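Residue strings, one per chain:
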Amino acid sequence: MQRFDGRIAVVTGGGSGIGQATVVRLAAEGATVVAVDVEAAGLARTAELAAKEAAGLNEVTTTVGDVTDRDFAPSIVDAVVERHGRLDVLANVAGILRTGITHEASLDDWDRVLSVNLTGTYLCCRAAIPALLDSGGNIVNVSSTSGLAGHPWAAAYSASKGGVLALTRTIAVEYGQQGLRCNAVCPGSIDTPITQDFVFPEGVNTKLVRRMMALDRPRGPETVAAAIAFLASEDAAHVNGEHVRVDGATLS
């Protein structure tokens, strides 16, 4: 399928995991993609993978930057519109995880996680909305099953991802009548660098997370990228303000 022929997309967190898989998927379906990440090496790998998957037919460019920088998102949107004349899709994938017992976790970790996961998502949405209104485009935000049910030892992460869901619904309601859609995916049990970063605090009862494990098996980030591509495409033209769980089903 070439659902994104002639479409211009920006994907944050495009240097690894779900972001990387999303860049590859959108490019393979015809999109011109701008991949954003703080890691230049990861972006270079993404560009290689996308060129291979799309047979070099669709343009993938990369930009190193931090979504928490208030000036960064506007500069990206301005550059995309200046070069391509439009912006059709914003996929906010950039995110980080810090773990710790809630009452012992550092406020620095709390602030950093909220800054990247929630404020960074907001800043990108805020910058992109005018261009997306002009094109009749849409936003897909990456939340998490942790934002739906909570996750022990990941208070900041869960709070940030719950905030992403609330932001998603707010944008959908506020701008829906103007032709802008905003949806979210809630991954769970996905094998990505961020899940590999999860460290159990010493001495905790790890059985608390068993109900959050997939009834299916853990799968790769391409599983989530497929859901993002659906929500960003015209196949989801009548889907707005929704979240889609991509977690293989859990008991939580």
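None of these values were measured; they are calculated from a predicted model.

What counts and how
- Residues numbered from 1 in each chain as written.
- Predicted model: local features only at pLDDT ≥ 70, side-chain atom pairs only at ≥ 80, totals over all residues.
- Heavy atoms only, no water.
- Helix = DSSP H or I, 4+ residues; strand = E, 2+ residues; numbered from the N terminus.
- Expected span 1.5 Å × (residues − 1).
- Bend = angle between axes of the 7 residues up to and from the residue.
- Buried < 20%, exposed > 50% of the residue type's maximum accessible area, 1.4 Å probe, protein only.
- Axes fitted to C-alpha atoms, helices over the stretch in contact; angles between N-to-C directions.
- Parallel < 35°, antiparallel > 145°, perpendicular 65-115°, else oblique.
- Left-handed = near helix turned anticlockwise from the far one by under 90°.
- Contact = heavy atoms within 4.5 Å.
- Pairing = 2+ DSSP bridges.

(A) Main features of helix H4 (residues 107-135). Here H4 contains 29 residues, and its C-alpha end-to-end distance of 40 Å stays within 8% of the 42 Å for a straight helix at 1.5 Å per residue. Of all the bends in H4, the greatest reaches close to 45° and is centred on Ile 129; the proline Pro 130 follows between one and four positions later. Gly 136 sits one or two positions beyond H4 and adopts a positive phi of about 70°.

(B) The arrangement of unusual backbone geometry in detail. In this structure, Trp 153 takes a positive phi of about 70° despite not being glycine. Looking at where Trp 153 falls in the secondary structure, it is placed in the loop between helix H5 (146-149) and helix H6 (155-175). One non-glycine residue, Ser 189, lies in positive phi territory at about 55°. Mapping Ser 189 onto the fold places it in the loop between strand S6 (181-187) and helix H7 (193-196). Judged by its relative accessible area of 21%, Ser 189 falls in the partly exposed class.

(C) Molecular detail of the packing of helix H3 (residues 72-84) against H4. Interaxial distance between H3 and H4 falls to 8 Å at its minimum, and their mutual angle equals 30°. The angle between H3 and H4 falls in the class roughly parallel. In the packing of H3 onto H4, the handedness of the crossing is right-handed. Facing H3, whose interface residues are Ala 73, Pro 74, Val 77 and Val 81, H4 presents Leu 123, Cys 124, Ala 127, Ala 128 and Ala 131.

(D) Up close: the packing of helix H1 (residues 17-28) against helix H8 (residues 222-232). It is the contact of H1 with H8, at a shortest axis distance of 8 Å, that shows an interaxial angle of 55°. Classified by the angle their axes make, H1 and H8 are oblique. You can see that H1 and H8 cross each other, and the crossing is right-handed. From H1, Ile 18, Ala 21, Thr 22, Arg 25 and Leu 26 reach across to H8, where they touch Glu 222, Val 224, Ala 225, Ala 226, Ile 228 and Ala 229.

(E) Representation of the sheet that holds strand S5 (residues 138-142) in the model. Read across the sheet, 7 strands follow the order S3-S2-S1-S4-S5-S6-S7 without closing on themselves; strand pairing throughout is parallel. A single partner strand is all that each edge strand has here, and the edge strands are strand S3 (60-64) and strand S7 (243-246). Put simply, the sheet's adjacent strands are angled 15° from each other on average, direction ignored. Here 4 bridges tie S6 to S7, and the two strands are oriented parallel to one another. Across the sheet, Val 185 pairs through a bridge with Val 244, a residue of S7.

So yeah, pure geometry; function would need other evidence.
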